[in-house]
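# Coordinates in review
The chain contents come next:
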Amino acid sequence: MSTNPSRVFVARLLGLDVFDPLGDRLGRLRDVVVLARGVTGAPHAVGIVVEVPGKKRVFVPMTRVTSMEQTQIICTGLVNLRRFDQRGAEMLVVGELFDRKVTLTDGSGDAVVEDIALEEQRNGDWLICQLFVRRGSSTSRLRGLRRGHTMLIDWSDANQGENTEPQGAGQFVATHEDLKPADFADALQEMSDKRRIEVASELQDERLADVLQELPEEDQVQLLSALDNERAADVLEEMDPDDAADLLADLAPAKAEQLLALMNPDDADDVRRLLQYDDDTAGGLMTPVPVILPPEATVAEALAHVRSEELSPALASAIFICRPPLETPTGRFLGVVHIQQLLRSAPPEQLGSIVDTMLEPVSDHASVSEVSHIMASYNLNSLPVVNKAGRLVGAVTVDDLLDHLLPDDWRTHDDGAPIRKLGGRFG
């Protein structure tokens, strides 16, 4: 560390690249870990949380940080690639201190923390020196507004509330809006149960639905159960029907029925049909809303449908051709038109003339092993699923199949293989 004191603001560091002394990029800064020093002493930073390639978040001790500026962060190349695990009295600046309400010691009232300044001491330690706060602030999922004026105060000018007090999450959500749902879910898993619920409650319904789908089942149940029934039903409507069905299956039957009754009837009907199947069948894996068109539809119409941002790449890879009605369960299933065939065909051409009738659909009661064998044998991204009457009831996608086949803890599994191993937590 430099012997000259320097100061940085954490919010401005977020997302910065972290480099080794040779200029090789190690990852991206996502948070700072601090440790309290009694009631009055300002917490000192013990390390940073870096998102390394593979979207894994790892801990880098401050003893390994050689430079921390507003434009870049440099540390030694020794990084332990074990997933970050918060310990004891450690606190995450972004995850736990941002949005915290503090009481000003001058008696002028309360304020909310929006940023934190760290200052390097002459002995090399980094301490929280100042808080950037907003008085009379109001930031919420519903209003999305900020009021009041801001000011910069010393750490000693504010009394910190208890960790058990309610804490806002607007600042955390705003600083992480660029994260993909899976990465946001990883960030949630690093938090305490209380903080996780606070952050999840701040998210818009659609964003929360996307994030829930990337969490382990027990975390999904915890967060959904923390919402009031009306909002929980709204979030379930935003989820993919198969993911919503999996989540409801983990709830108490009475609770699940309450939520289904509050959902939009069409969305609830899709989920109810999925709940009738065993988990280890094609019906239990499938989504009931693939892209379905009649044989008279044109290539141009089909391409317009698969351009939808709401479709996953797996679902967008194929159009399922059926006789009306086109909602599942459909009329008679005719076949599939693959995305490559659409790209090779003239826009006015009808889908019925290019449909692949050789791909056999799978029964809705077929086993997962049968589904796996067919999809692997024919290199399929999605597989049509029909009932005994030959009507399309859904499609199994490769991502849903993998989610079922991987271990339950695959989202949090860490093989613990370090690239450049540190001696311990503080290196």
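Residues numbered from 1 in each chain as written. Predicted model: local features only at pLDDT ≥ 70, side-chain atom pairs only at ≥ 80, totals over all residues. Heavy atoms only, no water.

A few words now on the pattern of salt bridges. Under the defined criterion, the tally for this structure stands at 15 salt bridges. With a shortest N-O distance of 3.5 Å, Glu51 and Arg30 are connected by a salt bridge. Of this pair, Glu51 sits in strand β4 (residues 41-52) while Arg30 is found in strand β3 (residues 25-37), placing the two residues 21 residues apart along the sequence. Assessed through its relative accessible area of 6%, Arg30 is described here as buried. Note that Arg195 and Glu198 form a salt bridge whose closest N and O atoms lie 3.1 Å from each other. Pair noted here: Arg195 and Glu198 are both in helix α5 (residues 193-202), with a separation of 3 residues, about one helical turn. For the pair Arg195 and Glu198, one class covers both residues: buried. (Salt bridge = Lys/Arg side-chain N within 4 Å of Asp/Glu carboxyl O. Helix = DSSP H or I, 4+ residues; strand = E, 2+ residues; numbered from the N terminus. Buried < 20%, exposed > 50% of the residue type's maximum accessible area, 1.4 Å probe, protein only.)

Read across the open sheet, the 3 strands follow the order β14-β15-β16; overall the sheet is mixed. Edge positions in the sheet fall to β14 (292-293) and β16 (333-338), since each has one partner strand and no second. Summarising the sheet, strand β15 (residues 318-322) and β16 pair through 5 bridges and their orientation is antiparallel. Across the sheet, the residue bridging to Phe320 is Val336, located in β16. (Pairing = 2+ DSSP bridges.)

Taken residue by residue, the protein chain gives an average pLDDT of 88. The fraction at 70 or more is 90%. No element of the protein chain has a lower mean pLDDT than helix α3 (residues 170-175), at 84, and none a higher one than β14, at 98. Every residue in residues 138-145 scores below 50 in pLDDT, and together they form 15 contacts with partners more than four places removed in sequence or on other chains. Long-range and interchain partners of residues 419-427, a stretch whose pLDDT sits below 50, account for 29 contacts in this model, where long-range means more than four residues apart. (pLDDT = per-residue confidence, 0-100. Contact = heavy atoms within 4.5 Å.)

So, on to the nonpolar core. The biggest cluster of nonpolar side chains holds 105 residues, and the ones touching the most others in it are Ile48, Met68, Leu118, Leu131, Leu224, Leu236 and Val396. Ranked by residues supplied to this core, first place goes to β4 with 5 residues. If sequence neighbours within four positions are ignored, Leu131 has contacts with Val113, Asp115, Ile116, Met151, Leu152, Ile153, Trp155, Ala158 and Gln160. Core analysis: the next-biggest nonpolar cluster, separate from the first, contains 17 residues, Val291, Ala297, Ile319 and Ile354 among them. (Core = buried A, V, L, I, M, F, W, Y, C linked by side-chain atoms within 4.5 Å.)

What follows covers the packing of aromatic side chains. Counted according to the given criterion, the structure contains 2 aromatic pairs. For the pair Phe172 and Phe184, a centre-to-centre distance of 5.8 Å together with 80 degrees between the ring planes defines the contact as edge-to-face. Of the two residues, Phe172 is situated in helix α3 and Phe184 in helix α4 (residues 181-189); the sequence distance between them amounts to 12 residues. A relative accessible area of 0% means that Phe184 is categorised as buried. Sitting above the plane of the Phe9 ring, Arg12 keeps its charged end 4.7 Å from the centroid. (Phe/Tyr/Trp six-rings, centres within 6.5 Å; stacked < 30°, edge-to-face > 60°. Lys NZ or Arg CZ within 6 Å of the ring centre and 35° of its normal.)

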